Each structure stands twice: as C-alpha cells, then as structure tokens.
Amino acid sequence: MKGDTMRRTDRLQVPFENLRYYPQLAKYAKTTAKKIRPGSQSFCQEKGFEAIDFGVSITKKGFNIYLAGDPGTGKTSSVKKYLEKMAQKMPVPDDICYVHNFDMPDEPRLILLPAGSGEVLVKDMADLLDYLQYQIPRQLESETFEIKKSEVMRWYQEESERNYRGIEAEAAKLNFVIKSTQGGFVINPVVGGEPIGKEEFDKLGEKEKETVRTHEEKLQEKLIAFFHRERVLEKEYKDKMTQLRQSMVRLIVAEPLGELRKRYKKNEQLKSHIESLEKHLLENFDDFFTYRDITEGKAEAQNAEMPDFREYKVNLLVNNKNLTGAPVIYETNPTFQNIMGYFEYEEVHNSIFTDFTKMKPGALHYANGGFLIVQANDILKNYYAWTALKRSMRNRLLRMDDIDVDFRYRVNIFPKPEAVPLNVKLIMIGDDYLYHLLYTYDDDFIRIFRVKADFESTTDITARNTEGLLRFIARVVQEDCSLDFDVTALRRILHYSSRQAEDQKKYRVGASDLVDIILESDFWARKDKRHLVDEAAVRKAIAIKESRHASIKKHYYESIDRDIILLDVRGEKVGMINGLAVYSVGDFSFGVPSRITARVFAGRKEIINIDREVRLSGRIHDKGSLILAWFIGDLFAQDKTLSISASITFEQNYGGIEGDSASSTELYALLSALSDLPIKQSIAVTGSVNQMGDIQPIGGVNEKVEGFFEICKMKGLTGKQGVIIPKQNIEHLNLNDDVCAAIKARKFHLYAVANICEGIEILTGVPSGKRLKNGRFTPGSVFARVDEKIRRLSRVK
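The shown structure was predicted, so the numbers you read here are calculated from the model rather than taken from an experiment.

Caption draft 1: Looking closely at the overall build of the chain. When its secondary structure is counted, the chain shows 28 helices and 32 strands. In terms of overall size, the chain is more extended than a compact globule, its C-alpha atoms giving a radius of gyration of 48 Å where 797 residues would be expected to give roughly 28 Å. For the chain, the spread of C-alpha atoms along the three principal axes comes to 170 × 70 × 45 Å. With the model as given, the accessible surface of the chain reaches about 40500 Å², and the carbon-plus-sulfur share is 50%. Taken together, the 119 basic and 116 acidic charged side chains of the chain have centroids lying 10 Å from each other.

Caption draft 2: Summary view of the pairing of strand S2 (residues 95-99). Counting buried positions along S2 gives 5 out of 5 residues, so the element sits mostly inside the fold. Neither face of S2 is open: one carries Asp 95, Cys 97 and Val 99, the other Ile 96 and Tyr 98, and all of them are buried. When S2 meets strand S3 (residues 109-113), the two strands line up antiparallel, connected through 5 bridges. Across the sheet, Asp 95 pairs through a bridge with Leu 113, a residue of S3. As judged from the 4 bridges shared by S2 and strand S7 (residues 314-318), these two strands associate in the antiparallel manner.

Caption draft 3: Quick look at the sheet that holds S3. Strand order in the open sheet made by the 3 strands is S3-S2-S7, with antiparallel pairing throughout. Of all strands in the sheet, those with a lone pairing partner are S3 and S7, marking the two edges. The average undirected angle you get between the axes of adjacent strands in this sheet is 30 degrees. Packing against the sheet, helix H8 (residues 268-283) makes contact with S2 and S3, and its axis sits at approximately 130 degrees to S3.

Caption draft 4: Structural context of the side chain of Asn 702. Tracing the backbone through its elements, the reader meets Asn 702 in helix H25 (residues 701-715). Using a relative accessible area of 2% as the deciding quantity, one classes Asn 702 as buried. Every residue in contact with Asn 702, bar those within four places of it in the chain, is listed here: Arg 499, His 732, Leu 733, Asn 734 and Leu 735.

Caption draft 5: Molecular detail of the environment of Phe 601. Along the chain, Phe 601 falls in strand S24 (residues 588-602). Taking the C-alpha atoms as reference points, Phe 601 and Leu 674, 73 residues apart in sequence, are found 9.0 Å from one another. Ignoring any residue separated from it by four or fewer positions in sequence, one finds Phe 601 in contact with Ile 644, Ser 645 and Leu 793.

Caption draft 6: Spotlight on a negative patch on the surface. A contiguous patch of negative charge, built from Glu 206, Glu 210, Glu 216, Glu 217 and Glu 221, is present on the exposed surface. Counting through the fold element by element, Glu 206 comes out in helix H7 (residues 206-263).

Caption draft 7: Local environment of the environment of Leu 25. Turning to its location among the elements, Leu 25 is positioned in the loop between helix H1 (2-11) and helix H2 (46-57). Residue contacts for Leu 25: discarding those within four places in its chain leaves Thr 466, Leu 470, Val 487, Leu 490, Arg 491 and Leu 494.

Caption draft 8: Spotlight on the side chain of Thr 31. By secondary structure assignment, the location of Thr 31 is in the loop between H1 and H2. Given a relative accessible area of 17%, Thr 31 falls into the buried group. Not counting the four nearest positions on each side in its chain, Thr 31 is found in contact with Ile 36 and Val 487.

Reading the values: rules and limits
- Throughout, residues of each chain are indexed from 1 in the direction in which the sequence is written.
- Two thresholds apply to this predicted model, a pLDDT of at least 70 for residue-level local features and 80 or more for giving and counting side-chain atom pairs, whereas whole-chain, interface and lining totals are computed over all residues.
- The basis for the side-chain values is all heavy atoms of the structure; hydrogens and waters are excluded.
- Starting at the N terminus, helices and strands are each numbered in turn, a helix being any DSSP run of H or I of at least four residues and a strand any DSSP run of E of at least two.
- Radius of gyration here uses only the C-alpha atoms, and the compact-globule reference equals 2.2 Å multiplied by the residue count raised to the power 0.38.
- Only the protein chains shown count as cover for residues, with accessible areas throughout obtained via the Shrake-Rupley method and a probe of 1.4 Å.
- Residues scored as charged are limited to Lys and Arg (positive) and Asp and Glu (negative), so that His and the chain ends carry no count.
- Charge positions are represented by NZ for Lys, CZ for Arg, CG for Asp and CD for Glu.
- Accessible area is worked out with a 1.4 Å probe on protein chains only. A residue is then buried under 20% of its type maximum, exposed over 50%, and partly exposed in between.
- Between any two strands, pairing holds if DSSP finds at least two bridges.
- Only C-alpha atoms enter the line fits that serve as axes; for helices the fit covers just the stretch in contact. Angles between N-to-C directions range over 0 to 180 degrees.
- For this analysis, residues touch if any pair of their heavy atoms sits within 4.5 Å.
- Patch membership requires over 30% relative accessible area and the absence of a salt bridge. Like charges are linked within 9 Å, and nonpolar side chains (Val, Leu, Ile, Met, Phe, Trp, Tyr) within 5 Å.
- A side-chain nitrogen of Lys or Arg and a carboxyl oxygen of Asp or Glu constitute a salt bridge if their distance falls within 4 Å.

Structure (structure tokens):
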C-alpha cells in the first residue's frame, strides 16, 4: 500500500518544463536589441484605442473618454502620442482674443479669429494707438487747424459783439447806458444826456424816479434775453469747436480704421468693435493731449491721470499660429487656475483691480478645438477645478468668472468676460477603482464620460505580442541605454515580464517595471565593464532591485534560522503543518512560512479557530475555516454525531490573517490530529478548499514556493523538502533559477493536487481512503483512522 501511495504522489510532482515560462527566441538568436525595429508598449491595446476612436468620432455632448488601467501600462504616453497623430488630421482652431466692451465695460467681448490672425490684430491695434497718440495732438495743433479754429472764434466774437451792441441799443432807447466790467454789467440811467449815479438819482423827483424804475424793469427783461442768447451762442461755439475737432479726428482716423474694416470685413464681432471704438475715440480724443503733455513733461502726473488706453488694446489669450493641427494638451497640475484660466491683479491704494488685459488662459483655452488630458487622481484633489471642469464640459461654455468667492471681497471690479464656446474632447486617465467610485457617487460623471477605454495590464503570450514586447524593449535600449542587449538578456526580461503577470501564458506590459530593469541592467553591465548586457547582468539587476526592499524579509527569515520563530523543515509531527502566506511591503512581496497546529479532544464545542476567536483573522479567512468544519461534518458525521472539540491556530501570529489560501493547510492539520498520523514537516502547503474537498487556486504561488525553499536551503536541503500547490496554479508558476535547479536535481519537490485526498497522502504517506458500502472507510487509511477516533471520542462521557 505504501508503495502505491509513493507512486501516486510521484505522479503529482510538477514536471520541470512547467516550472516557468522561458522563451527560446530562436528567431532572434543572432540579433541584439539595437538591431530590432523599435516600437511602443501600446502594441496590445487595440481595444483601448478602438474605444478612443469611437469617443473621438462622436461629436455629441458627453462622449468624453475615461481611460482606465493599472499604473505603468503606458496609458498617458501612448494616448498622448496617439491623439497627437490624430490631431494632425484635424483643423487648427481659432485664436481667442478679448477686447474692451464699450457698452458694458465689465463684460469684455470675445473675438475669434483664424489661427495666426490674432497676432496680426494685436499689432494692428498697437500701430493704430501709436498713430493716434502722435497724429491727434499734432493735427489738432497744426497751422491749418488753428486757422479753422480762429474762424470759429471770429464768428463767435462777431456774434457776441453783435449781441452786445443790440443790448446797448435797447438800453439807449430806455435811457440807460451799459458798461462791461470784470464783475459783470453795470447799468446807469441817463438824464439830460448824461449817465447819473445814485446821488443824482436820489435828487430826482418822484415822477422821474418812477419813469427810471419802469425803464429799468424793461431793460432787465432785455438783459435776460441777452444772457440767454449769450449762453446759446457759447454752446453753439463749443459745439462748432467740438464738431471741428471731431471732423478733424474723423479725418485722421478714417484711413487706419478703414484699413481695419477692410482687413476684418468677414468678422462681424470685430466690425462692431471698430464702430464702437470710433465712437469712443470721437468723444475722448482729449486723452491723447493728456498723454502727450505728461510724457513730454508739460503736465505733472500727480495733477493729471495718465490714460492707459486699454480700450484700444487686444488681449490675445490663445495664439494658435504655430499649430499644424488640433491641440493636444496634457495638464499635469490641474488646479482651478490652470484649468479655467485666471486674472492677474494690480494693487492700488489697498484695493485690487483687474481688467480684460490681465486675463490669462487655462488648459481648456489652449485645448479648445482639440484634446485635454488630465489624471483623475490629480483633478479630483482640486474640488474647485473638478467642479468647474464638469460645468464647462456639461454646458460647452468656458467662463472665467468662476473664481474662489473668498477672494472676491478684495476686488473692486471683477470682469465677466464673454464665454468661449467650448469644443474639447476630454480624456481622463485613472484606474478602474476610481471609475466605479465616480460612476456610483458622482451624478455628472456618467453624463460627461460616456466612453470607457480599458488599457490591459497583461496580454497573452503569442508570437505577435512577443514581437511587440521585444520592439518596446528595443526602443528603451536604443533611446536610453549605452550598451546593447543580447538575446539571453531579452529572454530573461521576457521571463521577468511573465513572472510579474503571475501567469505562464501572459506578459505584464507595465512599462515602468520593465524600463527600470532595462536601465538597471545597463548600469550594472557597465559597472562590471561588460561590452554587452547579457542574462547575468539582468539577473543581477533583478536581484539587487529586490534586495533593496528585502530588509523585512531578511529579519523574518533570520528569526526562523535562529529558532526565534519556530519552524521545522525535517521530521514528522502529528497535528502540525507548515503553511504559506505572502507579505507585501510596497511593491515587494515575499513568501512567509508559518506553523499551523491543530488539537482534538472530547467535547461538544466543535471546531474552534483560535485566531478567529481573538479577532486576529479577516472575513475571508473565517469563511475558509467554516468551510473545513463543514467538510469534516459532511464526511464523518453521516452516521453519528460529531461530538468533538478541536482547535486550530497559526502559531506565533501576533498580527492579522486574511485570505483563505491556508484553509486546506488547516484541514490537513486537523485530519492529522484526528487520525494521529504525523505530517511531514519537510513539506509546506498552500491552497484553499471548498466543501467538497476540492483544492482551489491561490495567489502569490511563486513567492510562497520560493520563500519555503529559501528557509529549507538556509536550514539545509535534504532532498525530501517541497511544497504542495493547487493544480490550477501550475500555469501561474514562474520560479527563479535556484528553485528550478533544485527541483531538477531532485533536491526540492513541487506537488500539484486537485483535492484533499491527494494532499493528505503526500503529507502522511498513507492512502486517504474511500467510503465503503457499510459506511466505513478503507481499513488503515487516513479517513478510517479519523472516523475511528471520532467514534471513540463520541463515546467519552
């Protein structure tokens, strides 16, 4: 029976060729990395790019793209390059300009011009301002204009003199004389042909005085009419002078404004602005004299405010002159200001002012007409930016008046620029976890991001994908490495990629992981004064990279070696087994062997997991513990009551336990305790179990096998040590060279089992047994011994 058991267990050993994926690369046997045509890491992302094409092709609102995938899969660089290529076939968007709004000064007007025209408009307006600053004072003070002014002045003087002579004549008719003084008009009555004063007037008789008073009242009425005519005349004079100046200014600006109208005749917005500008110019040309006087020192700046002429300026917010297609903007710091744009401020007398000339563009302005790429992690950390971005995308309008309200109290006048029509395809890059969080909790998210593109972190190992990965490796070598890589180095890198995927049938296409190993291999090869990077250099780079993170692993294994943590790798023990777990520290994981024990005694407390009782285990581990209890009940309590008490625990566990990968291990320990059959301490076990006794796959199989191998090697290999893994995990094996060599030399063993029966036979060397027709089990088998002990304990009172 024992010989049959040994033969069955030998058949359960994993063949050497199944221990790892290691390509031959016969096609590249005589080549090196620098001779291979370089390529991108996006060679296996067809579905992702199909989704991107779909999202870009639909111009309807809301079909923006969420690009999901693990970090390091080349999402950002690949999609940026892909969109840049696509953008070259798209039209160049308009320049974005803002000008003064003469009707509503606090609401700057938007001007959209063909790419490159905005720069021309800025120069045209600057040239116009220079021209006006020089020509208006010059022409309005010219000899010709002075002659025209003198004509108006002469007309005014003549009309004023005529009016004065008229009032004098009226006064003479009423026997009064009028004298003009600095204090105004003085009137005196005329008696006997001579003007008289107050003393003479007092000497007159009452009748004569009454006559004078009557005439004076009439003259006062005439004077009122005279002063009215003077005011009308003065206003008419001023109007004539204004009209004269305006007509001269109109002549001065006619030619340059005419050229602007002709140049921009197709732009209705700009034509309207030029009309408003001309009207403003005719009413405010005195500013040019103030400017001239202050700049030439004819007036002091403190007594007159220097005009800034902002009404004549253009803020070229976005200049697309140098674009050859649609823009592709990747915003690495998506704050509110960087996304939406902002205003610069000027502090004057403890107050802050701004205007349209101080507007600065954001990423949405630059990306308008093209693509904007942001990282989900970055934009979600900026609440105001995320809220404003969603609002802009939802409304397809870009407004710059959404500023932090806590800042507004210091701004006397805050402009509200005309909104920019928004035509941007937004690509947000993140992972699946964030996608599902946003989908569930953010109502706007699904309305804005209706297209999800997935970038896979792994890809099937095929001839096509192998070639694609080699081309990516070649690109990194050619661009960033000093030395070339031979085929053995390439084989080792491909093995490393498959090991990172934890699957013999897949590559992990995480660019960052591979690039690190490639660069470090080049460094160590140069440091060792090699002329070519070979397999040994890559192995060294991987080993040193792992060693930089291995301090915890070193201390843990040292504790086992010094028997601080108790673990046997020789001999046999009843109710004691070596389980395997994985510890992860950052990006480094390693296998951790630990002792699991089980004890059985008479009682009715059933099976107790000590770690669960003291709350050192997680829910998944607790589920596994309950499953093994029900497995025991189903197998051995069909014809009797399961009247036993049993305890199971991870010895020297002071932290926490999670996962069900040790559930089969716990069951083996319990079967050993129930059967009184010792378990080989030279064999460690991993694998979860279901209620039917089937072994289920687990994660971290490579780390677990290698971890126990290192402990055995440290304590001394005997040729009997090994690990039991689930059969389904064979295709996940990618073991390191030391383990593979030891297994090939039969110094270490690896078993793959499908059920509890196979595992217990390996561990005890005794057949598991089958249920007979009488309800008992095969005599001498493990299950028969368990059944007998349960019956015996059930009889204990």
